[in-house]
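Understanding the architecture of this molecule
One letter stands for each residue in the lines below.
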Amino acid sequence: MPSLIHFTLDPFSRRLRLALAEYGVPVELIDELPWEPSADIFELNPAGTVPVYLEDAATPVCGIEAIGEYLEETKSDRLSLIPGDAFARAEVRRLLGWFDGKFYAEVSEPILTEKVIRRFLPREKGGGGPDTGRVRQAMAQLRSHLDYIGHLADRRPWLAGGDLSLADLGAAAHLSAIDYFGDVPWADYPDAKSWFQRVKSRPSFRPLLADMVRGITPGPHYADLDF
């Protein structure tokens with residue numbers, strides 16, 4: 001069985017877990033703690049980051065975009081997650097770049113660093129209480145992203161076009177990691193909420209709703225499909 005080295009709330013790992021489930025590929029999950037990287041992770045990926053996908057014990061594929069493209073090339077006989085013509089596929093990749101670049105820098109990274117990573121780091125390596133200023137700024141940026149998601153969802157069946165794609169899985173992966181803390185103001189963004197409910201209701205999403213991080217209780221509606 002293939003393996004995925006991941007961290008529970010890492011949005012890039014979450015996107016691959018969703019994609020593998022949509023492709024119908026069973027995978028063994030191997031936990032890796034970003035604040036305490038193992039020697040093995042550097043052997044597999046010189047960057048020392050997750051996710052790392054192993055088709056077999058000797059063949060690691062590293063980096064979110066490389067793994068995503070690899071899976072589409074090798075697992076899409078049943079379902080394509082970068083569907084359509086060249087323009088449609090370009091739109092999927094554009095939106096993936098938006099969420100993995102802009103959303104991650106402005107929202108995911110600061111919230112996960114301040115609310116999770118720093119909690120477990122030793123003080124001499126930057127651990128301690130969260131920088132509440134960074135968290136507030138990230139939450140303010142989140143609102144503009146929810147506006148954009150709502151704009152897309154109001155005009156298309158799915159974010160990139162007529163079919164579910166990696167764009168939906170990427171956006172949902174980032175949002176679900178933030179939603180773990182119960183801080184997403186869904187009531188203010190009904191179009192984004194309706195789209196997220198559709199993605200969250202897919203069978204591929206169910207394992208993510210059971211995720212737990214030691215010492216951090218998920219928000220009250222995290223696992224609720226009718227939040």
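Predicted model, so just to flag it, every value in this text is computed and none were measured.

Along its 24 residues, helix H5 (residues 132–155) runs 35 Å from first to last C-alpha, staying within 8% of the 34 Å computed at 1.5 Å per residue. Every buried residue of H5 is accounted for by Val135, Ala138, Met139, Leu142, His145, Leu146, Tyr148, Ile149, Gly150, Leu152 and Ala153. Elements that come into contact with the buried residues of H5 comprise helix H4 (86–120), helix H6 (166–179) and helix H7 (190–200). For H5, the N-terminal capping position is held by Asp131, with its side-chain oxygen 3.0 Å away from the main-chain nitrogen of Gly133.

A separate point is the packing of aromatic side chains. Enumeration according to the criterion identifies 13 aromatic pairs in this entry. Centre to centre, the rings of Trp35 and Phe120 are 4.3 Å apart; their planes meet at 15 degrees, and the pair counts as stacked. Of this pair, Trp35 sits in the loop between strand S2 (28–31) and helix H2 (39–44) while Phe120 is found in helix H4, placing the two residues 85 residues apart along the sequence. Across this residue pair, the class does not change: Trp35 and Phe120 are buried. Cluster of aromatic residues (ring-pair linked, three or more members): Trp186, Trp195, Phe196, Phe205 and Phe227. Of note, Lys102 hangs over the ring of Trp98, and the distance from its end group to the ring centre comes to 5.6 Å. The ring of Trp158 is capped by Arg198, whose NZ or CZ atom sits 4.2 Å from the centre of that ring.

So, on to the nonpolar core. If you look at the biggest cluster of nonpolar residues, it comprises 71 residues, and the most contacted ones within it are Val116, Leu142, Leu159, Leu175 and Trp195. Of all the elements, H4 adds the most residues to this core, at 11 residues. Each residue touching Trp195, except ones within four places of it in the same chain, is listed here: Ile149, Ala153, Trp158, Leu159, Asp168, Ala171, Ala172 and Leu175.

Moving on to the sheet that holds S2. Strand order in the open sheet formed by four strands is S2-S1-S3-S4, with mixed pairing between adjacent strands. Here the strands that pair on one side only, and so sit at the sheet edges, are S2 and strand S4 (60–62). Direction aside, the axes of adjacent strands within the sheet are offset by 20 degrees on average. Summarising the sheet, strand S1 (residues 3–6) and strand S3 (residues 52–54) pair through three bridges and their orientation is antiparallel. Bridged to Leu4 within S3 is Tyr53. Contacting S1, S2 and S3, helix H1 (residues 11–23) runs over the sheet at an angle of about 155 degrees to S1.

The rules behind each value
- Residues numbered from 1 in each chain as written.
- Predicted model: local features only at pLDDT ≥ 70, side-chain atom pairs only at ≥ 80, totals over all residues.
- Heavy atoms only, no water.
- Helix = DSSP H or I, 4+ residues; strand = E, 2+ residues; numbered from the N terminus.
- Expected span 1.5 Å × (residues − 1).
- Buried < 20%, exposed > 50% of the residue type's maximum accessible area, 1.4 Å probe, protein only.
- Contact = heavy atoms within 4.5 Å.
- Polar contact = N/O pair within 3.5 Å; in protein donor to acceptor, adjacent residues only side chain to side chain.
- Phe/Tyr/Trp six-rings, centres within 6.5 Å; stacked < 30°, edge-to-face > 60°.
- Lys NZ or Arg CZ within 6 Å of the ring centre and 35° of its normal.
- Core = buried A, V, L, I, M, F, W, Y, C linked by side-chain atoms within 4.5 Å.
- Pairing = 2+ DSSP bridges.
- Axes fitted to C-alpha atoms, helices over the stretch in contact; angles between N-to-C directions.

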